[in-house]
Amino acid sequence: PSHDIKKEKELNLRQIKQSLGKLLEDERYDVFFWYDTKAEFRREYEKLNLENLIKYELNNNEFNLRYEIHAARQEKTEAKFLIYSNSARLADEDNCLLDLLLSNLEFIADKVSMYLTELDLEQRHRALIAEHINFFDSSDNRKQIKAFIKKFRETHSYIDEAAFRLKILNISLGSEGKDLETALEKLLRDYWEAEDSSPLENLKEYNLLDYLIEKLKWFDYEAHPEADLLHHFTVKLFDTVFQKALG
């Protein structure tokens, strides 16, 4: 367990460096506020070391920080400043550094933010990442999604959320496809050939089961809570095909 915790901390630090490094590239801002209210990333903050980044810890020392940042700006024009606090952000009327905060950026080191940065996704995908956070906790899943995003961008100007979620569904089922039909084919084959219903467990874990059930409505199928989903759907599917064949 201690080895796993160490690996997680190392991963967190790499992701924080990547996320913060991306923000530092923006020449419009030079001060970044980090409110780590639960001190979850305290150790990562202490180990954080980026070129031209000067770190300060907020601790009832707002006026001193303002003076030090002003002096550092004069001395080192390439400098960027990270102000870390393990307390919640103060109300605007009580915040002596409000002008700096409003004219610069707040750095948020949560899983969703780090995954967005790692996958080079826009903020509009935040809700989707949060909804399926267990899926994105897997480095292998993220690797596959990253490859999908790269290829998708070769022919599209933005990442379509419907296509994105369908790819997540396919990866969760162990399919290399990207559409609903391919996902269902893999799911049903695993179920009937190997009597393996574990893919449904993956969908539950990744918060995708309701999404799948909603998609099954495309086949005029309404899920029955008391029924074996895959068995019941297959019977309905064959019945539909048979009825169409009869005319």
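Definitions and limits used
- Residues numbered from 1 in each chain as written.
- Predicted model: local features only at pLDDT ≥ 70, side-chain atom pairs only at ≥ 80, totals over all residues.
- Heavy atoms only, no water.
- Helix = DSSP H or I, 4+ residues; strand = E, 2+ residues; numbered from the N terminus.
- Buried < 20%, exposed > 50% of the residue type's maximum accessible area, 1.4 Å probe, protein only.
- Contact = heavy atoms within 4.5 Å.
- Areas by Shrake-Rupley, 256 points an atom, 1.4 Å probe, with all protein chains shown as cover.
- 1 Å grid on protein atoms, 1.4 Å probe; cavity = no way out; pocket = protein on both sides within 12 Å on 5 of 7 lines; lining within 4 Å.
- Points joined across faces, edges and corners; volume = space filled by probe spheres on them.
- Core = buried A, V, L, I, M, F, W, Y, C linked by side-chain atoms within 4.5 Å.

Chemist: Just to check I follow, could you spell out the overall build of the protein chain for this structure?
Modeler: Along the backbone of the protein chain there are 13 helices and four strands. Taking all 247 residues of the protein chain together, the buried fraction comes to 40%. Excluding contacts between residues fewer than 6 apart, the proportion of contacts in the protein chain whose partners are at least 24 apart in sequence is 65%. Approximately 15100 Å² of the protein chain is accessible, and the part contributed by carbon and sulfur atoms is 49%.

Chemist: Any chance you could explain the layout of surface pockets here in plain terms?
Modeler: Over the atoms a probe the size of a water molecule is rolled, and this reveals where empty space is left. One number sums up the size of the second largest pocket: a volume of about 260 Å³. The wall of the second largest pocket is formed by 13 residues, among which Ser 19, Leu 23, Ser 113, Thr 117 and Gln 123 lie closest to the centre. Mapped onto the lining of the second largest pocket, the elements with two or more residues apiece are helix H1 (2-24), strand S4 (105-107) and helix H5 (111-118).

Chemist: Is there a simple way to explain the nonpolar core in this structure?
Modeler: It is characteristic of soluble globular proteins that their nonpolar side chains tend to be buried jointly. Within the largest apolar cluster, 34 residues are counted, with the highest numbers of intra-cluster contacts made by Phe 136, Ile 145, Phe 164, Leu 169 and Leu 212. If you list the elements that add at least two residues to this core, you get H5, helix H6 (126-131), helix H7 (133-136), helix H8 (139-152), helix H9 (161-172), helix H10 (180-194), helix H11 (198-205) and helix H12 (209-216). Among the elements that make up this core, the one with the highest residue count is H9 (six residues). Look past the residues within four positions of Leu 212 in its chain and what remains in contact with it is Leu 169, Leu 184, Leu 187, Leu 200 and Leu 203. Grouped together as the second largest cluster of nonpolar side chains are 17 residues, Leu 20, Phe 32, Trp 34 and Phe 41 included.

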